[in-house]
Amino acid sequence: MTTMMTAGDPAAAMTGYISLRDLTVGYHGRPLISHISLDIRRGEIVSLIGPNGAGKSTILKSLTRQLPIIGGDIRIDGRSIRQFSYREFSTKVAVVLTEKLAPEMMTCRDVVAMGRYPYTGRLGLLTAEDKAIVEEAMASVRVGEIADNDFSAISDGQRQRVLLARAVCQDPEIIILDEPTSYLDIRHKLELLTLLSRMAREKGITVIMSLHEIDFAMKVSDRIISVGEDRSIMTGEPETIVTDSKVRKLYGITQGSFNSLFGSAEMPRPDGDGRSILVLSNNGRGIPVYRRLQKEGRAFTAAVVSRSDLDYAVARELATRLITAEPCEPIGEECLRRVREAVGEASVVIDAGLQIGSTNSGMKEVLDEARRQGKLRSEDTAAL
């Protein structure tokens, strides 16, 4: 058990709609994560990131009362979640967890309609208004076309969308989701996250979820909670939590790298001194060439890459040698000299669509020299 480091927003401490106060969570009375203190404002989207087994799901299950709180408290609008009746809690909090629901002889519409049960009477009969809400919820996540299908016979991705429709159907103040995008293709990931974002913005619904896709967490979240294998926690805006160094430490990355600018990972740089292959590029045109060379296991030199160029972030990770230029400055004679030397050392010089302008006009002579030496190849014809 490790004491948690927290960094909550001071303003949120005064206005927290959901408050975690010295919270300890775990299983069977055994603490897994301790001393969590955090305030979440109404209408925020908060994403939990971190390696498998760190405790993200444990925190979410404690928030949803699936696990008893071991220590401290969770409050919603100033009231402990222990004080809510089951029905009352269900009208406030909707849950979409990773456990697969397996109802027998139920259509997708039946499953979505379960979200209205906290509002029905003892007989659980749906009114015309309830039925209209069910249809609207299915339409909002685009599952209307499978409404009459057997829930047990649809794909995992379709199940996830149906379960989200069930959550929407509850008309909740809070939606808690555990890895909601795991089984979705890219189109449906975007649609689901767009829907959640719209619900938070337009209806003031607070969304708390765990995500494996760090790039989406960066783009959709107001705040991020990172949970480390050592049970340490950091909270803050995406720009402060999702940095190259923090992600590397959080996930223990030793092979390859994470690029917070693009929100993507790069494979490890190839072994070798990189002198035999020289890639000339700018304006992001070198990136596909860098990645192709990495896949082929060929070390290379990248030139001349401005530190403000799109190519720079990927070249920095994949190129064995990197010849750079200062942003918004003409390429100087010293830099051109280094590039000419690299041309002389290389067996192949790849022109990855290099664009020549006023700040890099000297590169035209470099291309001409590589051509005279019979080394110049275009990105499409480079035979290595």
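The coordinates are above.
Note that the coordinates shown come from a computational prediction; the quantities given were computed from them, not determined experimentally. (Residues numbered from 1 in each chain as written. Predicted model: local features only at pLDDT ≥ 70, side-chain atom pairs only at ≥ 80, totals over all residues. Heavy atoms only, no water.)

Peer 1: Any chance you could explain the pairing of strand β2 (residues 30–40) here in plain terms?
Peer 2: Where a strand is regular, its side chains alternate between the two sheet faces. With 7 bridges connecting them, strand β1 (residues 18–27) and β2 associate as antiparallel partners. Considered in β2, the bridge of V25 is made with I33. (Pairing = 2+ DSSP bridges. Helix = DSSP H or I, 4+ residues; strand = E, 2+ residues; numbered from the N terminus.)

Peer 1: What is the right way to read the sheet that holds strand β13 (residues 277–280) from this model?
Peer 2: Two orientations exist for strands paired in a sheet by backbone hydrogen bonds: parallel and antiparallel. One open sheet holds the 5 strands; their spatial order is β15-β14-β13-β16-β17, and the pairing between them is parallel. Strands with a single pairing partner mark the edges of an open sheet, and in this sheet they are β15 (321–325) and β17 (376–378). Averaged over all pairs of adjacent strands, the angle between their axes in this sheet comes to 25°, without regard to strand direction. Of the strand pairs in this sheet, strand β14 (residues 301–306) and β15 are connected by 4 bridges, and their pairing is parallel. Looking at β15, one finds that T301 is bridged to R321. With respect to the sheet, helix α13 (residues 333–345) is in contact with β13, β14, β15 and β16 (348–351), its orientation differing from that of β15 by roughly 150°. (Axes fitted to C-alpha atoms, helices over the stretch in contact; angles between N-to-C directions. Contact = heavy atoms within 4.5 Å.)

Peer 1: I'm lost on the state of the cysteines in this one. Help?
Peer 2: Linking two cysteines covalently via their sulfur atoms produces the bond known as a disulfide. Tallying each qualifying case throughout the model produces 0 disulfides. Free cysteine: C169, not disulfide-bonded; nearest cysteine sulfur from C108 at 13 Å. The class for C169 is buried, based on a relative accessible area of 0%. The thiol of C335 is unpaired, and the distance to the nearest cysteine sulfur, on C328, comes to 15 Å. (Disulfide = S-S within 2.5 Å. Buried < 20%, exposed > 50% of the residue type's maximum accessible area, 1.4 Å probe, protein only.)

Peer 1: For this particular structure, what's the right way to read the pairing of strand β4 (residues 71–76)?
Peer 2: One ladder, built from 5 bridges, connects β1 with β4; its direction is antiparallel. Bridging across to β4, T24 finds its partner in G71. The sheet contact formed by β4 and strand β5 (residues 79–80) spans 2 bridges and is antiparallel. Within β5, the position partnered with R75 by the bridge is S80.

Peer 1: Please explain the environment of F89 as it appears in this structure.
Peer 2: With respect to the helices and strands, the residue F89 is situated in helix α3 (residues 86–92). Setting aside residues no more than four positions away along its own chain, F89 makes contact with L63, T64, R65, I76, I81 and F84.

Peer 1: Just to check I follow, could you spell out the environment of L250 for this structure?
Peer 2: Within the secondary structure, L250 is located in helix α10 (residues 244–251). What L250 contacts, discounting residues up to four positions off in sequence, is I49, G50, P51, S226, V227 and G228.

Peer 1: Help me out: how do you make sense of the pattern of salt bridges in this one?
Peer 2: Think of it this way: side chains of opposite charge can pair up when their charged atoms draw near. Taken as a whole and assessed by the stated rule, the structure comprises 31 salt bridges. Residues R42 and D77 are paired through a salt bridge, measuring 3.9 Å at the closest nitrogen-oxygen approach. In this pair, R42 sits in the loop between β2 and β3 (45–49) while D77 sits in the loop between β4 and β5, placing the two residues 35 residues apart along the sequence. Through salt bridges that share partners, R42, D77, K92 and E173 make up one connected network. (Salt bridge = Lys/Arg side-chain N within 4 Å of Asp/Glu carboxyl O.)

Peer 1: How should the environment of P180 be read in this particular structure?
Peer 2: By the secondary structure assignment, P180 is in the loop between β7 (174–178) and α7 (186–203). On the basis of relative accessibility, which here comes to 1%, the residue P180 falls in the buried class. Ignoring anything within four residues of it in the chain, the contact list for P180 reads Q160, L192, M209, S210 and L211.

Peer 1: Hey, could you run me through the sheet that holds β2 in this one?
Peer 2: The 4 strands lie next to each other as β2-β1-β4-β5, forming an open sheet whose pairing is antiparallel. Of all the strands in the sheet, just β2 and β5 have a single pairing partner and so form its edges. Along the sheet face, helix α2 (residues 56–63) touches β1, β2 and β4 and points at about 120° away from the line of β1.

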